[in-house]
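An overview of the molecular structure
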Amino acid sequence: MAYKRQIDRLPIIPADARKHNVTCHYCIVGCGYHAYTWPANKQGGADPKANAFGVDLSQQQAAETTAWYSPSMYNIVKQDGKDVHIVIKPDHDCEVNSGLGSVRGARMGESRFSETRNTQAQRLTDPMVWRYGSMQPTSWEDAYDLVARVTAAVIKEQGEDGLFVSMFDHGGSAGGYENTWGTGKLYFGAMKIKNVRIHNRPAYNSEVHGTRDMGVGELNNCYEDAELADTIVAVGTNPLETQTNYFLNHWIPNLRRTSLDKKKAQLPDESHEQGRIVIIDPRRTVTVNACEMEAGKERVLHLALNSGTDLILFNAIFTHIVEQGWIDKEFIEKSTVAEGTKRPDLYPARGEADGKPGHLTNFSGAVEGCKVSLEDAAKVTGLKAEDIAKAAEWIGKPKDGGKRRRVMIGYEKGLIWGNDNYRTNGALVNIALATGYIGRPGGGVVRLGGHQEGYVRPSDAHVGRPAAYVDKLLIEGKGGVHHVWACDHYKTTLNAHEFKRVYKKRTDIVKDAMNSVPYGDRDGMVKAILAAIKEGGLFSVDVDIIPSQIGQASHVWLPAAEAGEMNLTSMNGERRMRLTERYMDPPGNAKPDCLIAAGLAQHMERVLRDMGDTAYADQFKGFDWKTEEDAFLDGYQKNAGGGEFVTYDALRSMGTNGFQEPATGVKDGKIVGTKRLYTEGKFSTDDGRARFMDAPWRGLQAPGKEEEKAKFKFLINNGRSNLVWQNAFLDQANDFVMDSSPYPFIEMNLDDMASLGLGAGDLVEVFNDAGSTQAMVYPTPTARQGETFMLFAFPTGVQGNVVNDGVNELVIPNYKQSWGDIRKIASAPEVTKSLSFKSREYRLD
Ligand SMILES: Nc1nc2c(c(=O)[nH]1)N[C@H]1C(S)=C(S)[C@@H](COP(=O)(O)OP(=O)(O)OC[C@H]3O[C@@H](n4cnc5c(=O)[nH]c(N)nc54)[C@H](O)[C@@H]3O)O[C@H]1N2
Ligand SMILES: Nc1nc2c(c(=O)[nH]1)N[C@H]1C(S)=C(S)[C@@H](COP(=O)(O)OP(=O)(O)OC[C@H]3O[C@@H](n4cnc5c(=O)[nH]c(N)nc54)[C@H](O)[C@@H]3O)O[C@H]1N2
Ligand code: SF4
Ligand SMILES: [Mo]
């Protein structure tokens, strides 16, 4: 029955099981689940009164029944110190997923820490410190004391710029409003840390400065808009695999040729068409395949452009829409910068825009600046001019009867981590502004998102723009202490090969120094560490839930609790905020990140007072939180828009549907939210008018990319797959994942494989001037010659090793445009030999 799950039957959930609201803490979509728990020595029965479903389980259930769960949703965990059964099961009444799970979220149950069933035995249960040559358990007090003393001493010597911080800025696990506030209050409130970076990029900046500078916040629509759109435009994203239930539950019902989506049929006075989709991605993804199967090929336009050429494509689409007169004049006049407006402070002359790699302007400025012919764009993108025109038509041309099309544009990492981030982002938003489809049903120009969001922090203005390129500074030997929160640069940064080489060297200097002093001699230990830092060493503190790869270099590990082991609030890609209720105990002595930050602050205060710096010590006051709820009240309630209406109790009563931020009030005990932003045509600028961007094409922008492309044979495109969540931090201890993916796959064209003498499952080395890594060959008939796709961030082969250090002017990395050569290491070894390499595409006939 159960694949390596050591179980031959599952207990029935009893009627009196405790039921907790859960939002899946993996991707942005934030599907609603319930966690049922009940004592280990009990189970329910077949009688409707004896089970949680209230149905007669002695009868055969219908195909679409909700009265079931799978082995992957089950576990035995600790709750208030006692063993309980747990089932974490998708909620049919959640509007986000309507009961769908995914191959990631539906494994939440088996991915919980269980001493009984031996799952996730890798979880950290105690603080660990470098002692006598290895990592050893210790108490929180001891670990805090060491971290605070070294950190305070380094700040005394080097100033706050000597403390480097890497911290998550998202929701989901790690993150959440509680934890972004806890860490934010420590590093941006008590301190003003400048050498700080976010989990997924080497600086503290925005992934989407472009759209924000134009006044268009990136999460401006709602998931229902994907059901209402006449045309969905998907740029650099593979939502079947990365926003799975958003795609399946909201895009597919619109695209599916067999029925008109119910919500769409209810729209007043509009012509009702089955949706169509334009997908812009150099690679044929399974999303393209699924759309073709569901919508019919004639309603799917896949623009397989040359890697990194999106900007010129968008400019050509924009130009064509303008030339055809398909623009929304009224919207442009009312909601965007008026012609002739002179605001040198806001839109300086072209080329003089400080910290803005694109020039913010009005409509005609963008028309002039972005002008490019279909033919010229076709040459650069490798597409046919007629296909570019067709995309412009599907976006701009009014429907039969003259009604405007409803168009939703969604983009993610193929654009964000793509060539020339700022301008490309701007060029795409230009199209949405020109056609007026923002703030209207079936519209929006939005990030599709990565993790859930949950950002509330004191201002980061002191960081400046461009922000410090933190990884580069670390490589150059800067800084004395590095605090790392919930990210693993060893697997996920750019220029990772070099980063790891230097980071290991610098942290080893400190380890060697620590080995020379008895651990119990705290003064001697701190002195030795400081001396080692003067020699170029770096003291590293890793706050994580498992021993991570960067953690191998660290001197202290602080064990964190995940969502569900603490109460945690976050919002999804349509700003839907929910509370995941604590349903189990954290492993051992692990704590919520916000309380770890509070503990660090309190010890900093104590140490600084001991050092005699009372004024600085006083800055670390205000962390006397007992629970994560205290952190939430201190952070969200006081600092988030509409926060005053939002409490844990109110969220609990709003279940898995929650409300869409920002909150605007409370009615009949329910929080009232905001379905769409910008419905009044007023944008996030001082005058409420959105800006266009004058953003002409300038080739591959990041340093070294053109040269790399010319020198090496293969594009090493990279990203995600359905099965694996992020850097596989939990998946690496899951047989289901590791048996099918012992190494990261690299999808290759069959002729390319033949020319290198490669077979399925062979191990190859991928290399270029930035570094080298390894992968497992996955024969892919649809892959274009010379273009590969490698799974990113995998523990047994890090794609980031071959991503060079080139970034844009605002320090946004360019992970997606990498080129390298490939050579064979070994024919399929035992672990890959018996794997299936069948096509990931499906056919209905
Ligand atoms: N080549 C290449 N590189 C990329 C990308 C790419 O497309 N290509 N994408 C980038 C993107 S978008 C992202 S998001 C990053 C991801 O980069 P990372 O953020 O480094 O990767 P994650 O796997 O999300 O890391 C999560 C870490 O946090 C730990 N963790 C999980 N839950 C908790 C918790 O509750 N508390 C604490 N303290 N720790 C926790 C996990 O064990 C893990 O070590 O990678 C980036 N790097
Ligand atoms: N299964 C799963 N889902 C996830 C995650 C996960 O780890 N696993 N991670 C989550 C996170 S943190 C994030 S940020 C999101 C990312 O979600 P996505 O952005 O959808 O995922 P990626 O696979 O990184 O990249 C998407 C596509 O960009 C394409 N691309 C590469 N170069 C270019 C280019 O030059 N132009 C264009 N237009 N496209 C290009 C790639 O071929 C790829 O198909 O996924 C989230 N969801
Ligand atoms: S689609 Fe995302 S949020 Fe939903 S179950 Fe899957 S991983 Fe979780
Ligand atoms: Mo991400």
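Because the structure is predicted, anything quoted here is derived from the model rather than measured.

1. Some points on the overall build of the protein
From N to C terminus, the protein includes 27 helices and 29 strands. Projected onto the principal axes, the alpha-carbon positions of the protein cover approximately 80 × 70 × 65 Å. Within the protein, buried positions represent 66% of all 845 residues. Relative to all contacts within the protein whose residues are 6 or more apart in sequence, the contacts with residues 24 or more apart total 76%.

2. Topic: the site of ligand 3
If you check the shell around ligand 3, you find Cys24, Tyr26, Cys27, Gly30, Cys31, Tyr33, Ser102, Arg104, Gly105, Thr244 and Asn245 and nothing else. Considering only residue class, the shell around ligand 3 consists of 5 nonpolar, 5 polar and 1 charged.

3. Points about the pairing of strand E15 (residues 481–485)
Taking burial as the measure, the 5 residues of E15 include 5 buried ones, the bulk of the element. The alternating pattern of E15 places Val481, His483 and Trp485 on one face and His482 and Val484 on the opposite face, and all of these are buried. In this structure, strand E7 (residues 163–167) lies alongside E15, joined through 5 bridges in parallel fashion. Bridge pairing links Leu163 to Val481 in E15.

4. With respect to helix H20 (residues 593–610)
Three or four residues apart is the spacing at which side chains of an α-helix point the same way, because the helix has 3.6 residues per turn. For H20, with 18 residues, the first-to-last C-alpha span of 26 Å sits near the 26 Å given by 1.5 Å per residue. Extensive coverage of H20 is indicated by the burial of 14 of its 18 residues.

5. Let's talk about the sheet that holds strand E18 (residues 568–571)
Ordered in space as E18-E19-E20, the 3 strands form an open sheet in which the pairing is antiparallel. The open sheet terminates on both sides in strands that have one partner only, identified here as E18 and strand E20 (659–660). Across 2 bridges, the pairing between strand E19 (residues 576–580) and E20 is antiparallel. Residue Arg576 lies in a different strand from E20, and its bridge partner there is Gln660. Across the face of the sheet, helix H2 (residues 176–190) comes into contact with E18 and E19 while running at roughly 100° to E18.

6. Side note on the pattern of salt bridges
As a working rule, side chains carrying opposite charge can pair if their charged atoms are close by. A full pass over the atoms with the stated rule returns 62 salt bridges. Across the pair Glu562 and Arg123 runs a salt bridge, and its minimum N-O distance is 3.7 Å. Residue Glu562 is found in the loop between strand E17 (556–559) and E18, and its partner Arg123 is found in the loop between strand E4 (82–90) and strand E5 (128–131); the two are separated by 439 residues along the sequence. When its relative accessible area of 4% is taken as the criterion, Arg123 is described as buried. Note that Arg840 and Glu747 form a salt bridge whose closest N and O atoms lie 3.2 Å from each other. One end of the pair, Arg840, is in the segment after helix H27 (830–833); the other, Glu747, is in strand E25 (residues 745–748), and 93 residues separate them in sequence. Exposure remark for Arg840: the relative accessible area of 37% places this residue in the partly exposed category. Beyond isolated ion pairs, a larger network of salt bridges with shared partners links Asp142, Asp145, Arg149, Arg522, Asp523, Arg606 and Asp610.

7. Considering the side chain of His603
Along the chain, His603 falls in helix H20. Note on His603: relative accessible area 9%, which makes it buried. Within the local environment of His603, its side chain forms a polar contact with the side chain of Arg606, the two groups lying 3.0 Å apart. Those residues in contact with His603, other than ones at most four positions away along the chain, are Glu141, Tyr144, Asp145 and Ala148.

8. Points about the nonpolar core
Grouped together as the largest cluster of nonpolar side chains are 217 residues, with contacts concentrated most on Leu146, Tyr187, Trp251, Trp485 and Phe539. Among residues more than four places away in sequence, those in contact with Trp251 are Ala226, Ile232, Ala234, Pro239, Tyr246, Ile277, Met408 and Leu448. Membership of the second largest hydrophobic core comes to 15 residues, among which are Ala728, Phe745, Phe794 and Phe837.

9. What about the site of ligand 2?
Among the 32 residues in the neighbourhood of ligand 2, the closest are listed as Asp281, Gly308, Asp310, Arg720 and Gln726. Within the contact set of ligand 2, a nitrogen atom lies 2.8 Å away from a backbone nitrogen or oxygen of Glu241. Measuring from an oxygen atom of ligand 2, one finds a side-chain N or O atom of Asp281 at 2.7 Å. For ligand 2, the protein covers 99% of the area, taking 920 Å² as the surface of the free molecule. Breaking the shell around ligand 2 down by element, the ones donating at least two residues are helix H5 (239–242), helix H14 (413–416) and strand E24 (714–719). In terms of residue class, the shell around ligand 2 is made up of 5 nonpolar, 18 polar and 9 charged.

10. Section: the packing of aromatic side chains
Counted under the stated rule, the structure contains 25 aromatic pairs. Through a chain of ring-to-ring contacts, the aromatic side chains of Tyr177, Phe632, Tyr636 and Tyr648 assemble into a single cluster. Above the ring of Tyr519, the side-chain terminus of Arg131 is found at 5.5 Å from the ring centroid.

11. Looking at unusual backbone geometry
Cis geometry marks the peptide bond from Arg465 to Pro466, where omega comes out at 0°. Its location among the elements puts Pro466 in the loop between strand E14 (445–447) and helix H16 (470–475). For the bond running from Glu661 to Pro662, omega is 0°, close enough to zero to count as cis. Within the secondary structure, Pro662 is located in the loop between E20 and strand E21 (665–667).

Analysis parameters
Residues numbered from 1 in each chain as written. Chains lettered and ligands numbered in written order. Predicted model: local features only at pLDDT ≥ 70, side-chain atom pairs only at ≥ 80, totals over all residues. Heavy atoms only, no water. Helix = DSSP H or I, 4+ residues; strand = E, 2+ residues; numbered from the N terminus. Buried < 20%, exposed > 50% of the residue type's maximum accessible area, 1.4 Å probe, protein only. Contact = heavy atoms within 4.5 Å. Near = heavy atom within 4 Å. Nonpolar A, V, L, I, M, F, W, Y, C, P; charged D, E, K, R; others polar. Pairing = 2+ DSSP bridges. Expected span 1.5 Å × (residues − 1). Axes fitted to C-alpha atoms, helices over the stretch in contact; angles between N-to-C directions. Salt bridge = Lys/Arg side-chain N within 4 Å of Asp/Glu carboxyl O. Polar contact = N/O pair within 3.5 Å; in protein donor to acceptor, adjacent residues only side chain to side chain. Core = buried A, V, L, I, M, F, W, Y, C linked by side-chain atoms within 4.5 Å. Areas by Shrake-Rupley, 256 points an atom, 1.4 Å probe, with all protein chains shown as cover. Phe/Tyr/Trp six-rings, centres within 6.5 Å; stacked < 30°, edge-to-face > 60°. Lys NZ or Arg CZ within 6 Å of the ring centre and 35° of its normal.

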